[in-house]
Structures are given as structure tokens and as C-alpha cells.
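In case you want the letters, here they are:
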Amino acid sequence: MGDKAIKHVAKILKMSSRNADCVARIGGEEFVLLLPDTDRAGAFKLAEKLRDRISKNPLDVNGKFIDITVSAGVSYVKEHHDTIESALSEADDALYKAKESGRNNVQLA
């Protein structure tokens, strides 16, 4: 069931992204989206749109619909990031804030 849910979410993420965006699964049930030429507000808006789209498209398993929710952390790559890993670390911190805030929401780093 978990694999079906991951594939379902991945399909929605890919269908909702631009050609220049990079959508990748980075482990377990975590995905990362790299959004070139997107500012902080635009990244937050897209994450919120994706969260909403996923929650409104339950997974159909043999006629039984299973709701899926998303918690997301958004980081904006700035000059002070030495590596992509530092930006991902900020996004991960924001993700944990989203989970601590009751899940199914988006938090900015």
C-alpha cells in the first residue's frame, strides 16, 4: 500500500511541476522539489497548492479511497548556503515544524 501511495504522490508532483523543476524522492516518504527561478513566496504558494491538490485526490485502491496529506518545509537558496545540503537542512527543519503544527501544512524555513 505504501508503494502505491508514494507513486500516487509522485505522479501528482510531476504533473504539477514545470519542465525546469526537479522532482525527486530522497528517502522513505520524503520528496524534494528544486524550483529554479522561483522566489520564496512562489515556492510557498506552489507547496501549498500541491498540499491541497494531494489532499483532494485520494488514492483509489480497488474502489476504496484513502486520503493522503502532506506536510512540507520550504527553504529558499540564498548566498549564505555553502551547499545544497544546507538549504535542504533548513527545509527539513521547516518540515518538522509542519509536523509539530498538526501536519497537513506548509512551513517556511
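The rules we used
- Residues numbered from 1 in each chain as written.
- Predicted model: local features only at pLDDT ≥ 70, side-chain atom pairs only at ≥ 80, totals over all residues.
- Heavy atoms only, no water.
- Helix = DSSP H or I, 4+ residues; strand = E, 2+ residues; numbered from the N terminus.
- Contact = heavy atoms within 4.5 Å.
- Areas by Shrake-Rupley, 256 points an atom, 1.4 Å probe, with all protein chains shown as cover.
- Lys, Arg positive; Asp, Glu negative; His and termini not counted.
- Charge placed at Lys NZ, Arg CZ, Asp CG, Glu CD.
- Buried < 20%, exposed > 50% of the residue type's maximum accessible area, 1.4 Å probe, protein only.
- Phe/Tyr/Trp six-rings, centres within 6.5 Å; stacked < 30°, edge-to-face > 60°.
- Lys NZ or Arg CZ within 6 Å of the ring centre and 35° of its normal.
- Salt bridge = Lys/Arg side-chain N within 4 Å of Asp/Glu carboxyl O.

1. Overview of the overall build of the chain
- Helix and strand counts for the chain come out as 3 helices and 6 strands.
- For the C-alpha atoms alone, the extent of the chain along its principal axes is close to 50 × 35 × 25 Å.
- Here the contacts in the chain between residues at least 6 apart in sequence split such that 48% fall between residues at least 24 apart.
- In the structure as shown, the chain presents an accessible area of about 7200 Å², 51% of it carried by carbon and sulfur atoms.
- The distance from the centre of the 17 positive side-chain charges to the centre of the 17 negative ones in the chain is 8 Å.

2. Details of unusual backbone geometry
- The phi dihedral of Asp37 falls on the positive side, at around 55°, and the residue is not glycine.
- Along the chain, Asp37 falls in the loop between strand 2 (30-34) and helix 2 (40-55).
- Of note, Asn62 is a non-glycine position whose phi angle comes to about 55°, a positive value.
- Along the chain, the position of Asn62 falls in the loop between strand 3 (59-61) and strand 4 (64-66).
- Classification of Asn62 by relative accessible area gives exposed; the value is 80%.

3. Concerning the environment of Val32
- With respect to the secondary-structure elements, Val32 resides in strand 2.
- The sequence separation of Val32 and Lys64 amounts to 32 residues, and the corresponding C-alpha distance is 28 Å.
- Here Val32 is in contact with Cys22, Val23, Ala24, Ile26 and Leu88, once residues within four sequence places are set aside.

4. Details of the packing of aromatic side chains
- This structure, assessed with the given rule, holds 0 aromatic pairs.
- Cation over ring: Lys99 sits above Tyr96, and NZ or CZ is 5.5 Å from the ring centre.

5. Observations regarding the pattern of salt bridges
- Taken as a whole and judged by the stated rule, the model has 3 salt bridges.
- Close ionic contact of Asp21 with Arg18 constitutes a salt bridge, the shortest N to O distance being 2.7 Å.
- On the basis of relative accessible area, Arg18 is assigned to the partly exposed category, the value being 40%.
- For Lys56, the salt bridge goes to Asp52, with nearest N and O atoms at 3.1 Å.
- Judged by its relative accessible area of 58%, Lys56 is exposed.

These figures capture arrangement, not role.
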